[in-house]
Amino acid sequence: MTIANEFYNDPKVKEAKKLIKQALLNHQEKITGLMPPKDEKSYQELVKKLSQNRGGKLFYDYIGSGFGKGPFVELADGSTKFDFITGIGVHYFGHSHPDLMEALIDGAISNTVMQGNLQQNTDSEKLIDLLLTEANRYGADLSHVVLTSSGVMANENALKMAFQKRHPADRVLAFNKCFHGRTIAVAGVTDKAKYRDGLPEAFCVDYLPFYDSNDHQGSIDRMMCALAGYVSRHPGKHAALLCEVIQGEAGSYLGNKEFFEILFSECKKHNISIIVDEVQSFGRTEKLFAFQYFELDKYVDFVNIGKNAQTCATIYRGDHKPRPGLISQTFTSSSTAINASYYVVNQLVNNGFLGKDGKINKIHSYFSSKLEELHKKHPDKIEGPWGIGAMVAMTLFKGDMEKSKQFTFKLFENGVLSFIAGQLPTRVRFLVPAGAINNDHIDEVVKIIDQTLAGM
Ligand SMILES: Cc1ncc(COP(=O)(O)O)c(C=O)c1O
């Protein structure tokens, strides 16, 4: 028994945690739904000051108070809003979740704020073990995990390991419209000129067309034709394919099992490592990982997670193990985030979220059936695709970017947080807090979407 064990089991610590939880629940009783602002003037000053100091206008006039209840977030003006975007896919259990808070307290009262490559605690080991077990649940062969501090770093680490293994191959394959993050190297892969404006190029990237659900065979043929062109033009030069199997930032595009099987098999033939970027899709389909949803277990060399996972990680195959010196970080993550991550992943796996009849699918089918009703009511204003699982998307005004953006601002004013994604068409999406919502919340949000659309 360590002193740490004795400390965590000390009745005073347990009592303190109980009291905090009780206080939280007592104060949460005050949140009964959407609430108007109490102090607009000083809030606007706060927003102005934050915008100025951070060097750019906030997308929404959003500054949180640090409190909430499930899908409701309290802003610093005392108002509450429905948070259906969750920091672009992070706050899976909504705001001020009592049990998640307990996990956070465990991290907060541990000896260090941050953990890193040199010094990690037992909670890191426990999390890594859980991630490996779950990543290999359906037959993948992933042996190692590097925890890291952001989604882009998970991608960056995977790319470095793939380049080292495949040296001297120095090119990367990716998909049109992909988003993988914004370091200098990875911004060079992310398929958006604006995001690499003024940056030097770290390596060459060749882009493949993504899956088109309206043209199954045609999209396989086009992808294979582009791939054949690249590998014959640059033989032996591609180290890795970096891909999302569900494109989030592009505007919610779903991949397909056969499409990826054909692509991944061809990559294997050419010794191209397969890196699946699940920073956004992790925990949002009926399987924990979207690569498992598409049954691509035997192909993956790297799987990178972030957002929902609360910490970020590169999970990789043993034959891609880097030589000493390539991968290391002062911060792997904070002790609070590591404890939160274990809580979230464990809940996802063991508390009815996954599977055909799991909570994620139930939320999706209820939400999309309600959006379908709105489509019938406003056929020119709102159309599917509706996305997948806990990634819900809609096309408004035929995908017009300006109008979609205006809609999100109006929706915010009316009490719901959403966000735009993609261009041509632009979509409006929700990364819902699946661990915090029920059908009543969805009904209320859909009512607000309806009113907002009617007013435009
Ligand atoms: C698929 C994907 N990869 C990587 C990233 C980058 O993650 P981060 O912003 O944590 O670096 C994102 C962020 O939206 C993402 O959606």
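## Section: empty space enclosed by the protein
Phase 1: Per the stated rule, a full pass over the model turns up one cavity of 30 Å³ or more.
Phase 2: Taken as a whole, the largest cavity spans an internal volume of roughly 50 Å³.
Phase 3: Forming the walls of the largest cavity are Gly248, Ser252, Gln280, Met391, Val392, Ala393, Arg429 and Leu431.
Phase 4: For the lining of the largest cavity, the element with the most residues is strand β16 (residues 391-396), which contributes three residues.

## Here we look at the sheet that holds strand β3 (residues 80-83)
Phase 1: Taking strand neighbours across the sheet as the criterion, the four strands line up as β1-β2-β3-β17 in an open arrangement whose pairing is mixed. The open sheet is flanked by β1 (64-69) and β17 (416-417), the only strands paired with a single partner.
Phase 2: Relative to β17, β3 runs parallel, the two being bridged by two bridges. Looking at β17, one finds that Asp83 is bridged to Leu417.

## Remarks on the packing of aromatic side chains
Phase 1: Taken as a whole and assessed by the stated rule, the structure comprises 31 aromatic pairs.
Phase 2: Between the aromatic rings of Phe367 and Phe430, the centroid separation amounts to 5.4 Å while the plane-to-plane angle is 35°, which identifies the pairing as tilted. Here Phe367 is found in helix α13 (residues 359-377), whereas its partner Phe430 is found in strand β19 (residues 427-431), with 63 residues between them in sequence. We note that Phe367, like Phe430, is buried.
Phase 3: A connected cluster of aromatic rings, assembled from ring pairs, spans Phe175, Phe210, Tyr211, Phe259, Phe260, Phe264, Tyr293, Phe294 and Tyr299.
Phase 4: For Lys81, the ring lying beneath its charged end belongs to Phe412, and the centroid distance is 4.5 Å.

## Describing the site of the ligand
Phase 1: Around the ligand, 13 residues are found, and the nearest of them are Gly151, Val152, Asp277, Gln280 and Lys307.
Phase 2: Asp277 places a polar side-chain atom, nitrogen or oxygen, 2.7 Å from a nitrogen atom of the ligand.
Phase 3: Within the side chain of Gln280, a nitrogen or oxygen atom sits 2.9 Å from an oxygen atom of the ligand.
Phase 4: More than half of the atoms belonging to the ligand lie within 2 Å of the grid points that define the largest pocket.
Phase 5: Examining the composition of the shell around the ligand, we find that three residues originate from one element, helix α7 (residues 151-166), more than from any other.

## Some thoughts on the pattern of salt bridges
Phase 1: For the coordinates displayed, the defined rule picks out 22 salt bridges.
Phase 2: For the salt bridge of Lys17 with Asp106, the shortest nitrogen-to-oxygen distance reads 2.5 Å. You can see Lys17 sitting in helix α2 (residues 11-28) and its partner Asp106 sitting in helix α5 (residues 98-108), a full 89 residues away along the chain.
Phase 3: Here Arg317 ties to Asp141 by a salt bridge, and the two come within 3.6 Å at their closest N and O atoms. With Arg317 in the loop between β13 (312-316) and β14 (333-334) and Asp141 in the loop between α6 (122-135) and β5 (144-148), the pair connects residues that are 176 residues apart, well separated along the chain.

Cut-off values and rules
- Within each chain, residues carry numbers counting from 1 in the order of the written sequence.
- Predicted model: local features are reported for residues with pLDDT of at least 70 only, side-chain atom pairs are reported and counted for 80 or more only, and whole-chain, interface and lining totals are derived from all residues.
- Processing note: side-chain calculations cover all non-hydrogen atoms of the structure and skip hydrogens and water entirely.
- Of the two site types, the cavity is a set of points on a 1 Å grid over the protein atoms alone where a 1.4 Å probe fits but cannot get out, and the pocket is an open set with protein on both sides within 12 Å along at least five of seven lines, each lined by residues with an atom within 4 Å of a point.
- Grid points are joined across faces, edges and corners, and a volume is the space filled by probe spheres set on the points.
- Helix and strand assignments come from DSSP, with helices taken as H or I runs of at least 4 residues and strands as E runs of at least 2, each series counted from the N terminus.
- In this scheme, strands are said to pair when DSSP sees at least two bridges between them.
- Geometry of aromatic contacts follows a simple scheme: Phe, Tyr and Trp rings, the Trp one being its six-membered ring, pair when their centres are within 6.5 Å, and the pair is stacked under 30 degrees between planes, edge-to-face over 60, tilted otherwise.
- Whether a residue is buried, partly exposed or exposed follows from its accessible area with a 1.4 Å probe, protein chains only, as a fraction of its type maximum: under 20%, in between, or over 50%, in that order.
- Throughout this description, the term charge over a ring refers to an Arg CZ or Lys NZ atom that lies within 6 Å of the ring centre and within 35 degrees of the ring normal.
- If even one non-hydrogen atom of a residue comes within 4 Å of a molecule or strand, that residue is called near it.
- Under this definition, polar contacts are N or O atom pairs within 3.5 Å; protein pairs additionally need one hydrogen-donor-capable and one acceptor-capable atom, and for neighbouring residues in sequence, both atoms have to be side-chain atoms.
- A cavity or pocket is said to hold a molecule if more than half of that molecule's atoms lie within 2 Å of its grid points.
- Criterion for a salt bridge: a side-chain nitrogen of Lys or Arg within 4 Å of a carboxyl oxygen of Asp or Glu.

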